[in-house]
Amino acid sequence: MDIIFLKEFRVKTLIGIYPWEKKIPQTIELNIEIALPSQQASQTDHIEDALDYSKVVDKINSMLAQQHFSLLETLTEHIAQMILNEFGSPWVKISAAKLNVIPGVKQLGICIERSQSHH
Ligand SMILES: Nc1nc2c(c(=O)[nH]1)N=C([C@H](O)[C@@H](O)CO)CN2
């Protein structure tokens, strides 16, 4: 299985359950692994055959500018479903962390894995 990864991808968004968190954007750090639907790009050297990771970054930036979540669980689920549905990936692993939001904890967050469901 071939995997594209995005490491330490930082993005500002409104995220959290508390009133202040719904007004003040916070930086979250994403780490993402995306299984590729095919190995074709490694043979052809054509971007048209690749899963274009710059498009994934653009999609996530625009999603998190428009949609505001209370929980990191919901945020990661939405990103995972977008990647599975719009990029045809068979499997994704996504972690999202808040930075220095609780004294004494440098990062805290969640990590999820999701696969295509075949009906
Ligand atoms: N399981 C979770 N627990 C908590 C979350 C969350 O997103 N998932 N969020 C918060 C608050 O927003 C917190 O980050 C502020 O300190 C608390 N617990």
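Residues numbered from 1 in each chain as written. Predicted model: local features only at pLDDT ≥ 70, side-chain atom pairs only at ≥ 80, totals over all residues.

Asker: Help me understand the nonpolar core, please; the structure alone is not making it clear to me.
Answerer: When a protein is soluble and globular, its nonpolar side chains tend to lie buried together. I79, I83, V92, I94 and A96 are the most contacted members of the largest nonpolar core, which has 17 residues in total. Mapped by element, the contributors of at least two residues to this core are β2 (26-35), α2 (53-66), α3 (72-87) and β3 (91-102). Ranked by the residues each element gives to this core, the list is headed by α3, at five residues. The contacts of V92, once residues within four sequence positions are left out, are I32, E33, I34, A80, I83, L84 and R114. (Core = buried A, V, L, I, M, F, W, Y, C linked by C-beta atoms within 7 Å. Buried ≥ 20, exposed ≤ 12 C-beta atoms within 10 Å, placed from the backbone. Helix = DSSP H or I, 4+ residues; strand = E, 2+ residues; numbered from the N terminus. Contact = placed C-beta atoms within 7 Å.)

Asker: Would you explain α2 in this entry?
Answerer: Helical periodicity: at 3.6 residues per turn, an α-helix aligns residues three or four positions apart in one direction. Look at α2: 20 Å from first C-alpha to last across 14 residues, which is about the 20 Å you get at 1.5 Å a residue. All of the buried residues in α2 are V56, I60 and L64. End-on, the buried residues of α2 take up no more than an arc of 55°, which puts them together on one face. Every exposed residue of α2 that faces more than 90 degrees away from the buried side is listed here: S54, K55, D58, S62 and Q66. (Expected span 1.5 Å × (residues − 1). Arc of directions from axis to C-beta.)

Asker: Honestly, the environment of Q39 in this entry has me stumped. Any pointers?
Answerer: By the secondary structure assignment, Q39 is in the loop between β2 and α1 (40-44). With 11 C-beta atoms packed within 10 Å, Q39 lands in the exposed category. Along the backbone, Q39 and I3 are 36 residues apart, and their C-alpha atoms lie at a distance of 10.0 Å.

Asker: What is the right way to read the site of the ligand from this model?
Answerer: Around the ligand lies a shell formed by G16, I17, Y18, E21, L71, L72, E73, K98, V101 and I102. Contributions of two or more residues to the shell around the ligand are made by α3 and β3. Along the lines of polarity and charge, the residues of the shell around the ligand split into six nonpolar, one polar and three charged. (Near = placed C-beta within 6 Å. Nonpolar A, V, L, I, M, F, W, Y, C, P; charged D, E, K, R; others polar.)

Asker: Explanation requested: the UniProt feature "domain: Dihydroneopterin aldolase/epimerase" (unreviewed entry) in the chain in the structure shown.
Answerer: Annotation from UniProt places "domain: Dihydroneopterin aldolase/epimerase" (unreviewed entry) at residues 4-114. Each end of residues 4-114 is marked by a C-alpha atom, and these two atoms are 15 Å apart; helix forms 32% of the span and strand 38%. (UniProt positions renumbered as here; feature names shortened; annotations may be inferred.)

Asker: I keep staring at α3 and nothing clicks. Help me out?
Answerer: Between its first and last C-alpha, α3 extends 22 Å over 16 residues, near the 22 Å set by a 1.5 Å rise per residue. Within the span of α3, buried status applies to L72, L75, T76, I79, A80 and I83. Looking straight down α3, one finds that the buried residues subtend no more than 130° of arc, so they occupy a single side. Away from the buried face of α3 by more than 90 degrees, exposed residues Q81, N85 and E86 are located. Structurally, α3 contributes buried residues whose contacts are with β2, α2, β3 and β4 (105-115).

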